[in-house]
Amino acid sequence: MAESAIAKVRSRYAGSAERPLGSFLALMSAYGGLVTTASLLLRSAGRGLPHRIGSRDLVLLAVATFKLSRVMAKDPVTSPLRAPFTKFKSQAGEAELDEEVVGKGPQKAIGELVTCPFCLDQWIATALTLGWLANPRLARLVASTLTVVTAADVLQFGYDALQSSA
């Protein structure tokens, strides 16, 4: 009976499209489990939640999250991590790839996650923020490095634009 209700929801939602709803639910559960475990570990180590995160750290973590999400989802160097879940289509811009998600079920769900920088933002922001709670100096070093790389990328694009217009 429950299986029939699940099949009806899946059919109503996706029609004939392959939408791995169960696998997405498993990914969300894994995320929740990892956050809960990390929070319990931080608490047992005597690390409480801060009353707030300072604006400088928020900006640093935001820029670092942006950059790491782009690197993980689009960079040619990280393509071996995505390869089990994707198929190369083409170059998508400067140092970015366009890849097609392959497979069904968990393979497709993971493929959709690892090729979407917007989707990865939640996972990466959580990891960086938990890292900041556990070891602020190390997290700031990592986030600062990613922020410097982001600034360098902006300068590279600006330089290329100036060269193209000359």
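Quick summary incoming for the structure in this document. (Residues numbered from 1 in each chain as written. Predicted model: local features only at pLDDT ≥ 70, side-chain atom pairs only at ≥ 80, totals over all residues. Heavy atoms only, no water.)

Under the defined criterion, the tally for this structure stands at one aromatic pair. Between Tyr31 and Trp123, the aromatic rings sit 5.2 Å apart at their centres with planes inclined by 65 degrees, giving edge-to-face as the arrangement. Of this pair, Tyr31 sits in helix α2 (residues 21-44) while Trp123 sits in helix α6 (residues 117-134); the two residues are 92 residues apart in sequence, bridging distant segments of the chain. Residue classification places Tyr31 among the partly exposed positions, given a relative accessible area of 21%. (Phe/Tyr/Trp six-rings, centres within 6.5 Å; stacked < 30°, edge-to-face > 60°. Helix = DSSP H or I, 4+ residues; strand = E, 2+ residues; numbered from the N terminus. Buried < 20%, exposed > 50% of the residue type's maximum accessible area, 1.4 Å probe, protein only.)

On to a nonpolar patch on the surface. Residues Leu138, Leu141 and Val142 make up a contiguous nonpolar surface patch of roughly 260 Å² in combined accessible area. With respect to the helices, strands and loops of the structure, Leu141 is situated in helix α7 (residues 136-165). (Patch = residues over 30% accessible without salt bridge, like charges linked within 9 Å, V, L, I, M, F, W, Y side chains within 5 Å. Areas by Shrake-Rupley, 256 points an atom, 1.4 Å probe, with all protein chains shown as cover. Salt bridge = Lys/Arg side-chain N within 4 Å of Asp/Glu carboxyl O.)

Attention shifts here to the pattern of salt bridges. One pass over the full model with this rule turns up seven salt bridges. Across the pair Lys67 and Asp153 runs a salt bridge whose closest N-O atoms are separated by 2.3 Å. Taken as a pair, Lys67 in helix α3 (residues 55-74) and Asp153 in helix α7 lie far apart in primary sequence, 86 residues in all. Lys67 sits in the buried class, given a relative accessible area of 13%. The exposure class assigned to Asp153 is partly exposed, which follows from its relative accessible area of 25%. Between Lys89 and Asp98 there is a salt bridge; the shortest N-O distance is 3.8 Å. Take Lys89: its relative accessible area is 48%, and that puts it in the partly exposed class.

Mapping Thr115 onto the fold places it in the loop between α5 (105-114) and α6. A residue is classified by how much of its surface remains accessible, and Thr115, at 13% relative accessible area, is buried. Separated by 18 residues in sequence, Thr115 and Leu97 place their C-alpha atoms 9.5 Å apart. Not counting residues up to four positions away in its chain, the partners in contact with Thr115 are Ala73, Lys74, Arg82, Thr86, Glu99 and Val101. (Contact = heavy atoms within 4.5 Å.)

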